Amino acid sequence: MRLEDCKDDIVRVVISEEQIKERIAQMGAEISKDYAGEPLLVVGVLRGAVMVVADVVREISIPLHIDWMAVSSYGASTKSSGVVRILKDLNTDITGINVLIVEDIIDTGLTLDYLKQNLEARGPKSVKIATFLRKPDASEVDVPVDYIGFDIPNEFVVGYGLDYAEDYRHLTFIGTLSPHVYVG
């Protein structure tokens, strides 16, 4: 879906499709360099990180495996509830291997802090975090992030996997959602 298809719902484009492609390629190169010669499991956080994982793994030039977790802390709201639920766990035993959690966005940090601690308790060689977007002003927990696509202001954004009530995930850019969409 392009901007012209939903222009009344989007206040502004925060990150363009071209900027996304360029930064994803850079992140893939950084990850490839850092994990050269090491086994790597990329853990995508469903559903928002699907686009990021699909694109970044194609930019990683070393062997890797992919697994998925589904966690929830939002529901149909624009703010995190702070309560993290695992909806789908890993199928892979991560004992002794490098794990790279790939997330779409870090707001408060509560979800990623919980997820990182949960995975570290399973005995991996390492657990690192890659996020496409981070909102430093929304942070409530200091979570070390190893790869960051973009830092953005603390506003509600959609597109490139991020949704509001399951809509707008398929936008090719990141945009600020108009309040008329979510204020009733």
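Quick note: structure is the one above.
Residues numbered from 1 in each chain as written. Predicted model: local features only at pLDDT ≥ 70, side-chain atom pairs only at ≥ 80, totals over all residues. Heavy atoms only, no water.

### Here's the deal with the sheet that holds strand β9 (residues 174-177)
Phase 1: As summarised here, the arrangement of the three strands in space is β1-β9-β8, forming an open sheet in which the pairing is antiparallel. Each edge of the sheet is formed by a strand with only one pairing partner; in this case those strands are β1 (10-15) and β8 (157-158).
Phase 2: Strand direction decides the pairing type here: β8 and β9, joined by two bridges, are antiparallel. Bridge pairing in β9 places Val 158 opposite Gly 175. (Pairing = 2+ DSSP bridges. Helix = DSSP H or I, 4+ residues; strand = E, 2+ residues; numbered from the N terminus.)

### Focus: the sheet that holds strand β7 (residues 147-151)
Phase 1: Pairing is mixed across the open sheet formed by six strands, whose spatial order is β4-β3-β2-β5-β6-β7. Bordering the open sheet on either side are β4 (85-88) and β7, each of which pairs with just one other strand. Strand-to-strand twist of the sheet, defined as the mean angle between neighbouring strand axes without regard to direction, takes the value 30 degrees.
Phase 2: Sheet topology note: the strand β2 (residues 40-46)/strand β5 (residues 98-106) ladder contains five bridges and is parallel. By the bridge assignment for β5, Leu 41 is matched with Val 99.
Phase 3: Each of β2, β3 (65-72), β4, β5 and β6 (126-134) touches helix α3 (residues 110-120); the most contacted strand, β5, lies at about 170 degrees to it. (Axes fitted to C-alpha atoms, helices over the stretch in contact; angles between N-to-C directions. Contact = heavy atoms within 4.5 Å.)

### Observations regarding the environment of Asp 8
Phase 1: Among the secondary structure elements, Asp 8 is positioned in the segment before β1.
Phase 2: You can call Asp 8 exposed: its relative accessible area is 62%.
Phase 3: Spatially, the C-alpha atom of Asp 8 lies 23 Å from that of Gly 48, the residues being 40 residues apart in sequence.
Phase 4: Setting aside its immediate chain neighbours within four residues, Asp 8 contacts Ser 178 and His 180. (Buried < 20%, exposed > 50% of the residue type's maximum accessible area, 1.4 Å probe, protein only.)

### Some points on helix α1 (residues 17-34)
Phase 1: Taking 1.5 Å as the rise per residue, α1 with 18 residues should run 26 Å; its terminal C-alpha atoms sit 26 Å apart, in good agreement.
Phase 2: Of the positions making up α1, those classed as buried are Ile 20, Arg 23, Ile 24, Met 27, Gly 28, Ile 31 and Ser 32. (Expected span 1.5 Å × (residues − 1).)

### Some points on unusual backbone geometry
Phase 1: The linkage connecting Leu 46 with the following residue, Arg 47, adopts the cis geometry, with an omega of -5 degrees.
Phase 2: Position of Arg 47 among the secondary structure elements: in the loop between β2 and α2 (50-59).
Phase 3: One non-glycine residue, Ala 165, adopts positive backbone phi at about 50 degrees.
Phase 4: Topologically, Ala 165 is positioned in the loop between β8 and β9.
Phase 5: If you check the backbone angles, Tyr 168 has positive phi at about 80 degrees while not being a glycine.
Phase 6: Checked against the element boundaries, Tyr 168 lands in the loop between β8 and β9.

### Comments concerning the side chain of Lys 116
Phase 1: The residue Lys 116 is located in helix α3 in this model.
Phase 2: Here Lys 116 falls in the buried class, since its relative accessible area comes to 15%.
Phase 3: In this view, Lys 116 contacts Ile 101, Val 127, Ile 129 and Pro 144; residues no more than four positions away in its chain are not counted.

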